Amino acid sequence: MSRRLDGGSTGSGGAGLAGAGADTGALMELDGCCKVYKVGAFGGKRLTAVHDVSFDVHAGEVVSLIGESGSGKSTIGRMILRLSPVTEGTICFKGDDVAKLKRSGLQEYYRHVQGVFQDPFSSYNPIYKADRVFKMIKDAYFSGVDDREWDAKVHAALEAVTLDPTQVLHKYPHQLSGGQLQRLLVARALLLDIEFLVADEIISMLDASTRIDVLNLLGDLKARGLGILFITHDLSLGNYISDRTVILRRGAIVEMGATEKVFGNPQHPYTQMLLASVPQLHRKWEDVEAAYLQVSNAVEVDSRESSLVELEPDHFVRSAA
Amino acid sequence: MGLQVTDLKVSYRTLHGDVQAVDGVTFGIADGEIMGLAGESGCGKSSLGNSLVYLTGRMKYVHGTVELDGVTLPIWDFEEMNEHRFKQISVVPQYAMSALNPTRKIGKMTHELLRSRGVTYASIEDELVRRLELVGLSKDVLGMYPIELSGGMKQRTVMVISTLLNPSLLIADEITSALDVSTQKAVAGMLGEFRTRGFVKSMIVITHDISILSQVADTILVMYAGHLAEKATAETIVEAPLHPYTKLLISSLPEVGVRYDKKRLVGIPGIPPALLDPPEGCRFRARCPLATAKCKERPPFVDVAPGHQVACWEVAA
């Protein structure tokens, strides 16, 4: 449980996930997180949704959390946002345990950590105008700020997400496109002193011609020093945006490390299978399979009875201990 | 013979007027062809697919003909179309996972469906079981309720049932969209398999995901705002598209196996026009980098090379 990924439990020079020289401490740090749901009549059965997940996200870094449905990727995002409690393990934001935060501490936490979710149409209350989300932020956090100053702040935030204020303010959610709504939610997060963003499948619902703009927006936020956890099932999007990649399977990490290492040199059979299944524009499935599935006789390892091994600096793979 | 659609126009009735979802669409599909139909949401691709099988209450047939194997389909007449549905032309709907009747076991539902078409269940049961096994489902599925099956299993079940009477044309609407990548690959592989085995002659595969089409389709038809933009072989669309919309769309897709350290992809600025009162001429005009005064007239959908049609003044000229 106490295995630290940026430490040297595998003893390979201690370079760790953070890369050399980045000893400023992680922004968000998950250590041995588990989530167990009680299911069935009277909660008699137990379902482990997340099993012993440890990784960290630094400021100015995008980490992709990639997995198929049911892999627990959204549960991890929800645990970070304290929407669902951690069963075991700790989540630390700048060294403070998130689970121990109480009222004012929690409000302060949400000032720095925010989430944007998959379906922009269900994130808004259709009865109210979309910009009510800004008003709610003002009431909760900036009640002392006068209106003119606040408007200027809203406009600056909208500009940061490349939205034209005249096009999106005073409109109802149904009058705006999915991309606009999603960017409004990011703008809402920017109004706060945001340092960490959980982006849970934020572009899955958007059209191909507009999704890349939202993706580039995340890149801009990263340049501003935000730490971003990008949760997705789409490997090509993860490959495009992220610095580091974490591959999840059935609640456990099977492979993680620098994006170019995980995608360029996948070692776990599950990662190889995923990469071989992604439809690519310029290569047929048959050709891709040959490239990725070289180790066809690789033995399936039960993730519960194995550990992550550091294969090369900043590249961890689960294998039988 | 295949399918021939000529100048098809279909609109949606709304309180504010008619929305022209499919506006003057002409194309053909040869026997044995898998045609991908791609476009953004709201471009009319599902409306086009649906209008070939099932015009819902709000949809209105305006103009045009649909010929399948030399027979004109009476798509404007709901009752008369029953003759052709399921037998000659069949559909795997967009939400195949919820297309199954939750109160019937799969076998019972198939039984009722076949009876409505005058086919006895007993005469086809062996074939049904054989096909279920082909897609990796056991015979036991027939005794199960839809709730007992996973999403991927339901999807495969619907595909088998839809193609049970060997229709000439199958319309598969977003069948891979809600699936995980590994299941997606399996389902996409089944499409090719079904054609090879002759369960269906030709197919229209509707999806917003061009990379899936580049894997399974022979030809790709790109739609934009109710108009056709470009049709060519899958390879041509991906490697050498001509229409500015197709070009921008293809270039904005991120891929695995490519490093993006320095490169930055760009989207297409602007949003598609509302179809309630669409602009005259080329509907991509407002977002198009090549637009000229000429684009105020609607460009014809013409051959620029054998098997390659484009609707753009700049390209055709």
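The structure presented is a predicted model; accordingly, all values stated were derived computationally and were not measured. (Residues numbered from 1 in each chain as written. Chains lettered and ligands numbered in written order. Predicted model: local features only at pLDDT ≥ 70, side-chain atom pairs only at ≥ 80, totals over all residues.)

Looking at the overall build of chain B
Step number 1: Within chain B, the regular secondary structure consists of ten helices and twelve strands.
Step number 2: Since a compact globule built from 317 residues should have a radius of gyration of about 20 Å, the 20 Å found for chain B is in line with a globular shape.
Step number 3: Dimensions of chain B along its principal axes, counting C-alpha atoms only, are 65 × 50 × 40 Å. (Helix = DSSP H or I, 4+ residues; strand = E, 2+ residues; numbered from the N terminus. Rg over C-alpha atoms; globule rule 2.2 N^0.38 Å.)

Remarks on the sheet that holds strand E5 (residues 71-72) of chain B
All names here are of chain B.
Step number 1: Ordered by their spatial adjacency, four strands build an open sheet running E2-E1-E4-E5, and the pairing between neighbours is antiparallel. The strands lining the two open edges of the sheet, one partner per strand, are strand E2 (17-29) and E5.
Step number 2: When strand E1 (residues 3-14) meets E2, the two strands line up antiparallel, connected through ten bridges. The residue bridging Leu 8 from the neighbouring strand is Val 25, located in E2.
Step number 3: Here helix H1 (residues 45-53) sits on the sheet and contacts E1, E2 and strand E4 (59-68); the angle it forms with E2, its principal contact strand, is near 75°. (Pairing = 2+ DSSP bridges. Contact = placed C-beta atoms within 7 Å. Axes fitted to C-alpha atoms, helices over the stretch in contact; angles between N-to-C directions.)

Quick look at the interface of chain B and chain A
Size of an interface: often given as the accessible area lost when the parts come together.
Step number 1: In this assembly, 29 residues from chain B lie in contact with 29 residues from chain A.
Step number 2: Of all the secondary-structure elements, those providing two or more residues to the side of chain B that touches chain A are helix H6 (181-196) and helix H7 (210-216) of chain B.
Step number 3: Broken down by element, the side of chain B that touches chain A gets its largest block of residues, five residues, from H7 of chain B.
Step number 4: Here the residues of the side of chain B that touches chain A are counted per class, giving 13 nonpolar, ten polar and six charged. (Nonpolar A, V, L, I, M, F, W, Y, C, P; charged D, E, K, R; others polar.)

Observations regarding the packing of helix H7 (residues 178-191) of chain A against helix H8 (residues 208-223) of chain A
Residues and elements named next belong to chain A.
Step number 1: Close contact between H7 and H8 brings their axes to 10 Å; oriented N to C, the two are set at 10°. The orientation of H7 relative to H8 falls into the category roughly parallel. Taking contact as the criterion, the partners of Gly 179, Gln 182, Arg 183 and Val 186 in H7 are, on H8, Thr 210, Asp 213, Val 214 and Leu 217.
Step number 2: Of the residues in the contact of H7 with H8, the class split is three nonpolar, three polar and two charged. (Parallel < 35°, antiparallel > 145°, perpendicular 65-115°, else oblique.)

Notes on the sheet that holds strand E7 (residues 169-173) of chain B
Two strands in a sheet stick together by hydrogen bonds in their backbones, pointing the same way (parallel) or opposite ways (antiparallel).
All names here are of chain B.
Step number 1: Spatial strand order, E6-E7-E8-E3-E9-E10-E12-E11: eight strands in an open sheet with mixed pairing. In this open sheet, the two edge strands, each paired with only one partner strand, are strand E6 (89-92) and strand E11 (302-305). Ignoring strand direction, the axes of neighbouring strands in this sheet form an average angle of 25°.
Step number 2: Pairing between E7 and strand E8 (residues 202-207): five bridges, direction parallel. Paired with Asp 173 across the two strands is Ile 206, which belongs to E8.
Step number 3: Across the sheet, H1 is in contact with strand E3 (34-38), E6, E7, E8 and strand E9 (219-224); its angle to E7 comes to roughly 145°.

Topic: the domain arrangement of chain B
Residues and elements named next belong to chain B.
Step number 1: What the domain assignment lists for chain B is domain 1 (3-88 + 167-316) and domain 2 (96-165).
Step number 2: Here the C-alpha centroids of domain 1 and domain 2 sit 29 Å apart.
Step number 3: Broken down by element, the residue count for the side of domain 1 that touches domain 2 peaks at four residues, all from H6. (Domains from an automatic or database assignment.)

Section: helix H5 (residues 147-160) of chain A
All names here are of chain A.
Step number 1: Across its 14 residues, H5 extends 20 Å between first and last C-alpha, which sits within 8% of the 20 Å expected from 1.5 Å per residue.
Step number 2: Inspection of H5 places Val 154, Ala 157 and Leu 158 among the buried residues, and these make up the whole buried set. Buried residues of H5, seen end-on, are gathered within an arc of 100° and therefore sit on one face of the element. Turned more than 90 degrees from where H5 packs its buried face, Arg 148, Glu 149 and Ala 152 sit exposed.
Step number 3: Where the residues of H5 are buried, they touch helix H4 (132-141), helix H6 (165-168) and H7. (Expected span 1.5 Å × (residues − 1). Buried ≥ 20, exposed ≤ 12 C-beta atoms within 10 Å, placed from the backbone. Arc of directions from axis to C-beta.)

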